[in-house]
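Chain by chain, the residues:
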Amino acid sequence: MGSTNISIIGAGSAVFSMRLVSDLCKTPGLSGSRVTLMDKDENRLKAVHVLARKLASELGHPIEFVTTKDIEKAVEGADFVINAALVGGHTFLSEIREIGERFGYYRGIDSQEFNMVSDYYTLTNWNQLEFMMKLAKLLETRSPNAWLLLAANPVLEGTTLLKRHTNANVVGFCHGFLALEEICRKLDLEFSKVDWQVAGVNHGIWLNHFSLGGTDAYKILKEKFSENADWRPSNPFDDSFSPAARYMLDFYGLMPIGDTIRNSSWAFHYDIETKKRWYGEPWGGVDSEEGWRWYTDLLGFVVKMFRELAMILEKEPEKSLRGLLKNVASELPEDLAREASTFFNPNIMSGEQHIPFINAIANDEKTRLVVNVLNNGTIRGLPDDIAIEAPAIVSSAGIKMEEIYPDLPERIIKWYLLPRILRMEWALEAFLKKDTSLITEVLFRDPRTKSREQAERAVAEVFRAARKYY
Ligand code: NAD
């Protein structure tokens, strides 16, 4: 493939924008690419454009960046489209969560068994699913050979929906599996030498293989749990060695990885005290009131920092981004300072898989990636037409899923994955029929519902507010 055309939709994303640009600048095979940055927020778009151009020039990569607020222009002629847009933003998520809480639904009506993640709205964010459909339909006509890479949530519902109802080449990605890298660090195991496999659905993945040089690394993992009586999290996301993870490992028979630990049953989530007991003090995990505030403050900080750095560079273009980042490093939260220091290190990629995927397809670089695609027999015991998450070898020939071996335990299939998939089916049916009474039906099956009236009033109120964002 010659010069590659990549479009980033929702390019102002706090989570993704600079990670994707810096990965791109470190991928020699994609040098000379043309990147279209698309966002509906003028200020975010402008800031990312300034920083992207500066980063590429300081890293010595000839990448052309253009911006647009027009989605049709953004997808025209694209080879790869990355969707990171969050329609309605975090403001929508908070408003809907607060309405749910007023009606007795702690952490909102979208917090459901096996789906507790606070920006993974499946019941109410029809906007987000509608936007994904619009994008995929546009690709069908404007760039039918392009790949659509879903970064935005909900990845399980979104990937399944688009694969079932459009002809776009869709693949979903989540960085949650990288928690395994952190687990290996804590176990003093070199991640690159470990033989591992994860499998399941997005935010519900399980460590199916785990060995090093023929030795079962599960033994080391279990020993670490038993030494860990005084465990405390270092940040709200740090839950791999929490009592919740330990319980899940014992009950389901495999280690839950990344967001899977957050996505457990109500037994860990009834209220803040319960959350603290299972996910550690002081936050009670990232999906509690305090934990989520910690995360959204961090995202707000990132957006503000990018805007300020872009403003400085607009006024004083001779300044270097590397120098500016160094100057502010001491004011940054620790994780962010560490991440910012990697932007300019050509040997450290962000861990996001979008750019490695594009490189694998465009340049036939065989790469092992964890992808979300339709099951089609990969995980036995699950339906074929739902998006699963598992490793694959990606190359210009496409995506070849790894054999899942051994099969996932029945306990995981029947007690975790199938119930989660059923909730997805309910949510998708309600979305496709635009039938809010089906959302009420979901709430009738929710242990927080004490009366029909409570569920009906909550749903009416939530969708009245949601309509503002259409
Ligand atoms: P964010 O609000 O910071 O960024 C989203 C961007 O989308 C904003 O710049 C916004 O202006 C833009 N946007 C909103 N509506 C748009 C529209 N109609 N057209 C174009 N752009 C639009 O959000 P974030 O925290 O960066 O999260 C983005 C998404 O990524 C969310 O869905 C989040 O849940 C998801 N996420 C996924 C992963 C993963 O590994 N897959 C990890 C973290 C977050």
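As the structure is a prediction and not an experimental result, all values here were calculated from the model. (Residues numbered from 1 in each chain as written. Predicted model: local features only at pLDDT ≥ 70, side-chain atom pairs only at ≥ 80, totals over all residues. Heavy atoms only, no water.)

**Observations regarding the packing of helix α5 (residues 126-142) against helix α15 (residues 410-433)**
So, point 1. As a packed pair, α5 and α15 sit with axes 11 Å apart at the nearest point and diverge in direction by 75°. When the axes of α5 and α15 are compared, the pair comes out roughly perpendicular. The segment α5 lies against α15, with Trp126, Leu129, Glu130 and Met133 engaging Leu428, Ala430 and Phe431.
So, point 2. Its residues assigned to classes, the contact of α5 with α15 shows six nonpolar, no polar and one charged. (Axes fitted to C-alpha atoms, helices over the stretch in contact; angles between N-to-C directions. Helix = DSSP H or I, 4+ residues; strand = E, 2+ residues; numbered from the N terminus. Parallel < 35°, antiparallel > 145°, perpendicular 65-115°, else oblique. Contact = heavy atoms within 4.5 Å. Nonpolar A, V, L, I, M, F, W, Y, C, P; charged D, E, K, R; others polar.)

**Focus on the site of the ligand**
So, point 1. Of all residues adjacent to the ligand, which total 26 residues, the nearest are Ser13, Asp39, Arg44, Ala151 and Asn153.
So, point 2. Between the ligand and the protein, one listed contact pairs an oxygen atom with a side-chain N or O atom of arginine 44 at 2.9 Å.
So, point 3. Between leucine 86 and the ligand, the recorded distance is 3.2 Å, taken from a backbone N or O atom to an oxygen atom.
So, point 4. For the ligand, the protein covers 93% of the area, taking 860 Å² as the surface of the free molecule.
So, point 5. Among the residues forming the shell around the ligand, the class breakdown is 14 nonpolar, seven polar and five charged. (Near = heavy atom within 4 Å. Polar contact = N/O pair within 3.5 Å; in protein donor to acceptor, adjacent residues only side chain to side chain. Areas by Shrake-Rupley, 256 points an atom, 1.4 Å probe, with all protein chains shown as cover.)

**Here we look at the packing of aromatic side chains**
So, point 1. One pass over the full model with this rule turns up 24 aromatic pairs.
So, point 2. On the numbers, 6.2 Å between centres and 65° between planes, the contact of phenylalanine 237 with tryptophan 294 is edge-to-face. Here phenylalanine 237, found in the loop between α8 (217-226) and α9 (243-252), pairs with tryptophan 294, found in helix α11 (residues 289-315); they are 57 residues apart in sequence, far enough to count as distant.
So, point 3. Classification of tryptophan 294 by relative accessible area gives partly exposed; the value is 27%.
So, point 4. For the pair phenylalanine 251 and tyrosine 252, a centre-to-centre distance of 4.9 Å together with 90° between the ring planes defines the contact as edge-to-face.
So, point 5. Classification of phenylalanine 251 by relative accessible area gives partly exposed; the value is 28%. (Phe/Tyr/Trp six-rings, centres within 6.5 Å; stacked < 30°, edge-to-face > 60°. Buried < 20%, exposed > 50% of the residue type's maximum accessible area, 1.4 Å probe, protein only.)

**Description of the nonpolar core**
So, point 1. Grouped together as the largest cluster of nonpolar side chains are 169 residues, with contacts concentrated most on Phe210, Met255 and Phe357.
So, point 2. With 11 residues, the single largest contributor to this core is α11.
So, point 3. Two domains each donate at least three residues to this core, and these are domain 1 (1-87 + 125-175 + 302-403) and domain 2 (178-287). (Core = buried A, V, L, I, M, F, W, Y, C linked by side-chain atoms within 4.5 Å. Domains from an automatic or database assignment.)

**Side note on unusual backbone geometry**
So, point 1. Residue asparagine 153 is joined to proline 154 through a cis peptide bond whose omega torsion reads 0°.
So, point 2. With respect to the helices and strands, proline 154 occurs in the loop between β5 (147-150) and α6 (155-165).
So, point 3. The step from tyrosine 405 to proline 406 runs through a cis peptide bond, and the omega angle for that step is -5°.
So, point 4. Inspection of the secondary structure assignment puts proline 406 in the loop between β13 (398-401) and α15.
So, point 5. Even without being a glycine, aspartate 188 presents a positive backbone phi close to 60°.
So, point 6. Mapped onto the elements of the fold, aspartate 188 is located in the loop between α7 (179-186) and β7 (194-201).

**Description of the pairing of strand β8 (residues 204-212)**
So, point 1. The buried fraction of β8 is high, at seven of nine residues.
So, point 2. Taken together, the eight bridges between β7 and β8 define a ladder with antiparallel strand orientation. Considered in β8, the bridge of valine 194 is made with leucine 212.
So, point 3. Hairpin connection from β7 to β8: two residues lie between these consecutive antiparallel strands, with histidine 203 at a positive phi of about 65°.
So, point 4. One ladder, built from three bridges, connects β8 with strand β10 (residues 255-257); its direction is antiparallel. (Pairing = 2+ DSSP bridges.)

**A short note on the domain arrangement of the protein**
So, point 1. Assigned domains within the protein: domain 1 (1-87 + 125-175 + 302-403) and domain 2 (178-287).
So, point 2. If you average the C-alpha positions of domain 1 and of domain 2, the two centres end up 27 Å apart.
So, point 3. Each partner contributes residues to the interface: domain 1 has 19 residues there, and domain 2 has 12 residues.
So, point 4. Buried surface at the junction of domain 1 and domain 2, summed over both partners, amounts to about 1200 Å²; 52% is from carbon and sulfur atoms.
So, point 5. For the side of domain 1 that touches domain 2, the secondary-structure elements that each account for two or more residues are α6, β11 (367-374) and β12 (387-395).
So, point 6. Tallying contributions element by element places β12 first for the side of domain 1 that touches domain 2, with five residues.
So, point 7. Taken together, the residues that form the side of domain 1 that touches domain 2 break down as 10 nonpolar, four polar and five charged. (Buried area = accessible area lost by both parts, 1.4 Å probe.)

**Observations regarding the pattern of salt bridges**
So, point 1. With the rule as written, the count across this model stands at 32 salt bridges.
So, point 2. We note a salt bridge from glutamate 410 to lysine 414, for which the minimum N-O separation is 3.1 Å. Of the two residues, glutamate 410 and lysine 414 both sit in helix α15, four residues apart, roughly one turn of that helix.
So, point 3. On the accessibility criterion, glutamate 410 (55% relative accessible area) is exposed.
So, point 4. Note that aspartate 446 and arginine 448 form a salt bridge whose closest N and O atoms lie 2.6 Å from each other. Both residues of the pair, aspartate 446 and arginine 448, count as buried.
So, point 5. Within the structure, one salt-bridge network assembled from shared partners comprises Glu182, Arg185, Lys186 and Asp238. (Salt bridge = Lys/Arg side-chain N within 4 Å of Asp/Glu carboxyl O.)

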